[in-house]
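Chain and residue survey
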Amino acid sequence: MPEAVGRIFAEETFKKNAKDSTLDMIGDIKTAFKQILPNLEWMDDKTRQAAIKKADHVGNKIGYPNWIMEDEKINKYLKNFDIDKTKLLSNTLSADLVLTPEKTSTPSAGLLTRISVYVSGYCKRLLQPQG
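1. Section: the overall build of the protein
A count of helical and extended segments in the protein gives five helices and three strands. Order of helices (α) and strands (β) in the protein, N terminus to C terminus: α-α-α-β-α-α-β-β. Taken over 131 residues, the protein has a buried fraction of 27%. Within the protein, counting contacts between residues at least 6 apart in sequence, those at least 24 apart form 58% of the total. By element, 57% of the accessible surface of the protein is carried by carbon and sulfur atoms, the whole surface being about 9,600 Å².

Set out below in structure tokens:
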């Protein structure tokens, strides 16, 4: 259920225009990076092409996933949880079952304090934490 809580937090602290301007900034960073590559004398053509390809495939996790702001999608997601206010362990296991397919080897954006770039296997990400 972190997405439901995240929606409440995002509605209060991370407005859509802030997300849009951050996405624009990230796009500008990618463009600038790719413009610099042809001028790097130390980089051979094969490596340069690989760097461009990687830059094109960098994923963005800015603020929150768009789907959590759509009532129909968040309600469908929440229906997957089996929650009982008297059963903490059962609730935890239910949440883990729902969230396990979504887990990755990437760090949580909530633990970051600034925009971070990291590589985990084939996943390249640019993150900006909420708040």
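2. A few points about the pattern of salt bridges
Under the criterion given, the structure shown has five salt bridges. Taking the shortest distance from any N to any O, the salt bridge between aspartate 56 and lysine 34 comes out at 2.4 Å. With aspartate 56 in helix H3 (residues 45–56) and lysine 34 in helix H2 (residues 16–36), this residue pair connects regions lying 22 residues apart in the sequence. Since its relative accessible area comes to 45%, aspartate 56 is described here as partly exposed. Classification of lysine 34 as partly exposed rests on a relative accessible area of 29%. In this structure, arginine 48 and aspartate 45 form a salt bridge, with 2.7 Å as the shortest nitrogen-oxygen distance. Of this pair, arginine 48 and aspartate 45 are both found in helix H3, three residues apart, which corresponds to roughly one turn of the helix.

3. A few points about H3
One full turn of an α-helix is made of 3.6 residues, so residues set three or four places apart face in the same direction. Here H3 contains 12 residues, and its C-alpha end-to-end distance of 17 Å stays within 8% of the 16 Å for a straight helix at 1.5 Å per residue. For H3, every residue scored as buried is listed here: Arg48, Ala51 and Ala55. For H3, the angular spread of the buried residues around the axis is 60°, confining them to a single face. Opposite the buried face of H3, by more than 90 degrees, sit the exposed residues Lys46, Gln49 and Lys53. Considering only its buried residues, H3 is in contact with H2. A side-chain oxygen of the first residue of H3 lies 3.3 Å from the backbone nitrogen of lysine 46; this N-cap is aspartate 44.

4. Regarding the side chain of arginine 48
By relative accessible area, which is 10% here, arginine 48 ends up buried. One polar contact links the side chain of arginine 48 to the main-chain carbonyl oxygen of leucine 37, over a distance of 2.8 Å. Apart from residues no more than four positions distant in its own chain, arginine 48 is found in contact with Leu37, Pro38, Leu40 and Met43.

5. A few points about the packing of aromatic side chains
Overall, the coordinates contain zero aromatic pairs when judged by the stated rule. A cation over an aromatic ring shows up here: lysine 19 above the ring of tyrosine 64, its NZ or CZ 4.1 Å from the ring centre.

Rules behind the numbers
Residues numbered from 1 in each chain as written. Predicted model: local features only at pLDDT ≥ 70, side-chain atom pairs only at ≥ 80, totals over all residues. Heavy atoms only, no water. Helix = DSSP H or I, 4+ residues; strand = E, 2+ residues; numbered from the N terminus. Buried < 20%, exposed > 50% of the residue type's maximum accessible area, 1.4 Å probe, protein only. Contact = heavy atoms within 4.5 Å. Areas by Shrake-Rupley, 256 points an atom, 1.4 Å probe, with all protein chains shown as cover. Salt bridge = Lys/Arg side-chain N within 4 Å of Asp/Glu carboxyl O. Expected span 1.5 Å × (residues − 1). Arc of directions from axis to C-beta. Polar contact = N/O pair within 3.5 Å; in protein donor to acceptor, adjacent residues only side chain to side chain. Phe/Tyr/Trp six-rings, centres within 6.5 Å; stacked < 30°, edge-to-face > 60°. Lys NZ or Arg CZ within 6 Å of the ring centre and 35° of its normal.

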